Amino acid sequence: MENIFLKIPFLFSQTQLLEDLQVCKSKLFIPHYNTKNYSGEWKSIALRSLTGETDQIYAHSAYTNSYKNTTLLDNCSYFKEIISLFECKKESIRLLNLSPNSQIKEHTDLNLGYEDGFFRIHIPITTNPNVLFYINNTLVSMAAGECWYGNFNLPHRVENNGLTDRIHLVIDCIRNTWSDSLFTKAGYNFEEENKPPVYNKETKLKMIEALERMHTETSRKLVQQLKSEL
């Protein structure tokens, strides 16, 4: 399956990323709200949120102009420079910190593929060789300062088996013609995105398990659809 993930052709200064991270560490990171999806410690702080507050770490696509920069972002000049490179509308922007000996359990997210008109960017700030990030059972090795897109409609999980925090700058964006051009340069297959995805039985079972934990009307409909295909 193509378009699972892409390395975006940006490379950022590790030194400057760490400088802005230190500014953010002066504020309180909030435990991630989806406690069923992880073990250990996974926490976040908002740079852009629906309320404009740093403790509003929910990331639900609204396709509106209601997202606001937090005052914390105003003090992070390099993060602002990075964010401005993305010439499209931005929704939630957060730092996500997965502590040592912690895991994000395998799950799927709704409408988090480029084909949905929405895309999530990950920029590692601190990481280590024992961070294992899998998308659709494929290991994606992300180095500090690199820039990555992942199709998080697919099953994904993360393990931090190292001794240091794994902290990513995560930017949620709305697709437009500028991002189409960027994704073309990164090797995105636009013909492939129009084909219905083909999942094997194992993947479907994992998707059903993750969707059943959401307990929403949409997830229940998707579960019924996937079960009918088994």
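Rules used in this analysis
- Within any chain, residue numbers begin from 1 and follow the written order of that chain's sequence.
- In keeping with the predicted nature of the model, local features appear solely for residues at pLDDT of at least 70, side-chain atom pairs appear and are counted solely at 80 or more, and the whole-chain, interface and lining totals rest on all residues.
- The side-chain figures draw on all heavy atoms in the structure; neither hydrogens nor water molecules are used.
- Counting from the N terminus, the helices are the DSSP runs of H or I reaching at least four residues and the strands are the DSSP runs of E reaching at least two.
- Each residue is assigned to one of three classes by its accessible area relative to the maximum for its type, calculated with a 1.4 Å probe on protein chains only: buried under 20%, partly exposed between the two thresholds, exposed over 50%.
- With axes taken as lines fitted to C-alpha atoms, and helix axes fitted only over the stretch in contact, angles between N-to-C directions fall between 0 and 180 degrees.
- Each angle is binned into one of four classes, with values under 35 degrees roughly parallel, values over 145 roughly antiparallel, values of 65 to 115 roughly perpendicular, and all other values oblique.
- Note: crossing handedness is left-handed where the near helix turns anticlockwise from the far helix by less than a right angle, and right-handed where it turns clockwise.
- Residues count as neighbours in contact if any of their non-hydrogen atoms are within 4.5 Å of one another.
- The residue classification treats Ala, Val, Leu, Ile, Met, Phe, Trp, Tyr, Cys and Pro as nonpolar and Asp, Glu, Lys and Arg as charged. All others, Gly included, are polar.
- What the arc describes is the spread of directions from the helix axis to the C-beta atoms.
- Any pair of N or O atoms that falls within 3.5 Å is considered a polar contact. Within protein, one atom must be able to donate a hydrogen and the other to accept it, and sequence-neighbouring residues count only if both atoms are side-chain atoms.
- For the purposes of this section, nonpolar cores are sets of buried Ala, Val, Leu, Ile, Met, Phe, Trp, Tyr and Cys residues that join through side-chain atoms within 4.5 Å.

Trainee: Looking at this model, I keep getting lost on unusual backbone geometry. Mind explaining?
Mentor: Note on backbone geometry: most residues besides glycine have negative phi, and most peptide bonds are trans. Phi angles above zero are rare outside glycine, and Asn101 is one such case at about 60 degrees. Here Asn101 lies in the loop between strand S6 (90-98) and strand S7 (102-107). By relative accessible area, Asn101 is classed as exposed at 58%.

Trainee: Honestly, the packing of helix H5 (residues 201-212) against helix H6 (residues 217-228) in this entry has me stumped. Any pointers?
Mentor: For any two helices packed against each other, one specifies the crossing angle of their axes together with the interaxial distance. Two elements in contact, H5 and H6, have axes separated by 9 Å at closest approach and are oriented at 160 degrees. On the basis of their axis angle, the class for H5 and H6 is roughly antiparallel. Crossing of H5 against H6: the hand is left-handed. On H6, the residues touching Lys204, Met207, Ile208, Leu211 and Glu212 of H5 are Ser219, Leu222, Val223, Leu226 and Lys227. Across the contact of H5 with H6, the residue classes tally to six nonpolar, one polar and three charged.

Trainee: Where do I start with helix H4 (residues 177-186) in this structure?
Mentor: Side chains that are three or four residues apart share a direction in an α-helix, a result of its 3.6 residues per turn. Of the positions making up H4, those classed as buried are Ser179, Leu182 and Phe183. All buried residues of H4 fall inside an arc of 95 degrees around its axis, so they share one side. For H4, exposure combined with an orientation more than 90 degrees from the buried face picks out Thr177, Thr184 and Lys185. Among the structural elements, strand S1 (5-11), strand S8 (118-126) and strand S11 (146-150) are those in contact with the buried residues of H4. The opening residue of H4 is Asn176, an N-cap whose side-chain oxygen sits 3.1 Å from the backbone nitrogen of Trp178. Positive backbone phi, at 100 degrees, marks Gly187, one or two positions downstream of H4.

Trainee: Before we go on, may I ask you to explain the nonpolar core in this structure?
Mentor: Within soluble globular proteins, side chains that are nonpolar tend to cluster in buried spots. Counting residues in hydrophobic clusters, the biggest one holds 34 residues, and the most contacted among them are Phe79, Leu95, Leu169 and Ile171. Setting aside residues no more than four positions away along its own chain, Leu95 makes contact with Leu21, Cys24, Phe29, Lys43, Ser44, Ile45, Leu47, Phe79, Ile125, Ile167, His168 and Leu169. Counting residues in each nonpolar core, the second largest holds 25 residues, with Leu96, Phe118, Phe133 and Val158 among its members.

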